[in-house]
Amino acid sequence: VFDHFQAAQENRYLVEVTNDSEHEFVFDGEWLRSGEWKSDRSAPIPAHSVAVLEFQSTGARGVAGVVWWTDSKDHDVYLSMVLANPRLQTATFACYAGCPPQD
């Protein structure tokens with residue numbers, strides 16, 4: 001049974017990651033205030049590749065949170081993203097790569 005109301009309320013957020021580095025990144029953590037993963041978060045982001053991350057929400061708050069990966073070899077290079085796609089406001093996105101974030 002197809003739920004037309006839920007399909008109309010779905011909020012999708014796609015992030016295309018172009019990894020031009022020598023590092024393969026593996027998922028290390030997340031804090032999602034709202035929404036959830038639609039793609040496989042455990043899939044690595046290989047060196048010299050393009051990956052697509054997909055998030056979704058059927059709630060009123062949309063998708064919002066922080067996700068991060070670390071390099072698979074030494075765990076000293078991070079890829080961190082903050083994203084928000086609320087239903088009634090402008091979407092926000094920022095991405096950082098490099099040294100681990102300060103506490």
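Above this note sits the structure.
Residues numbered from 1 in each chain as written. Predicted model: local features only at pLDDT ≥ 70, side-chain atom pairs only at ≥ 80, totals over all residues. Heavy atoms only, no water.

### So, the environment of Arg87
Here is step 1 of the chain: Position of Arg87 among the secondary structure elements: in the loop between strand 6 (78-85) and strand 7 (92-98).
Here is step 2 of the chain: Judged by relative accessible area, Arg87 falls into the partly exposed class, the value being 29%.
Here is step 3 of the chain: Between the C-alpha atom of Arg87 and that of Val63, which follows or precedes it by 24 residues, the distance is 8.6 Å.
Here is step 4 of the chain: A polar contact of 3.3 Å, which involves the side chain of Arg87, links it to the backbone oxygen of Ser57.
Here is step 5 of the chain: Within the local environment of Arg87, its side chain forms a polar contact with the backbone oxygen of Gly59, the two atoms lying 2.8 Å apart. (Helix = DSSP H or I, 4+ residues; strand = E, 2+ residues; numbered from the N terminus. Buried < 20%, exposed > 50% of the residue type's maximum accessible area, 1.4 Å probe, protein only. Polar contact = N/O pair within 3.5 Å; in protein donor to acceptor, adjacent residues only side chain to side chain.)

### Let's talk about the pattern of salt bridges
Here is step 1 of the chain: Applying the stated criterion across every chain yields a total of three salt bridges.
Here is step 2 of the chain: A salt bridge links Glu54 to Arg12; its shortest N-O distance comes to 2.7 Å. Placement of the pair is Glu54 in strand 4 (residues 49-57) and Arg12 in strand 1 (residues 11-19), with a sequence separation of 42 residues.
Here is step 3 of the chain: Given a relative accessible area of 15%, Glu54 falls into the buried group.
Here is step 4 of the chain: With relative accessibility at 43%, the residue Arg12 sits in the partly exposed group.
Here is step 5 of the chain: Note that Arg41 is salt-bridged to Glu30, the shortest N-O span being 2.9 Å. One end of the pair, Arg41, is in the loop between strand 3 (36-37) and strand 4; the other, Glu30, is in strand 2 (residues 25-34), and 11 residues separate them in sequence.
Here is step 6 of the chain: Look at the salt bridges and you will find they share partners, linking Arg12, Lys38 and Glu54 into a network. (Salt bridge = Lys/Arg side-chain N within 4 Å of Asp/Glu carboxyl O.)

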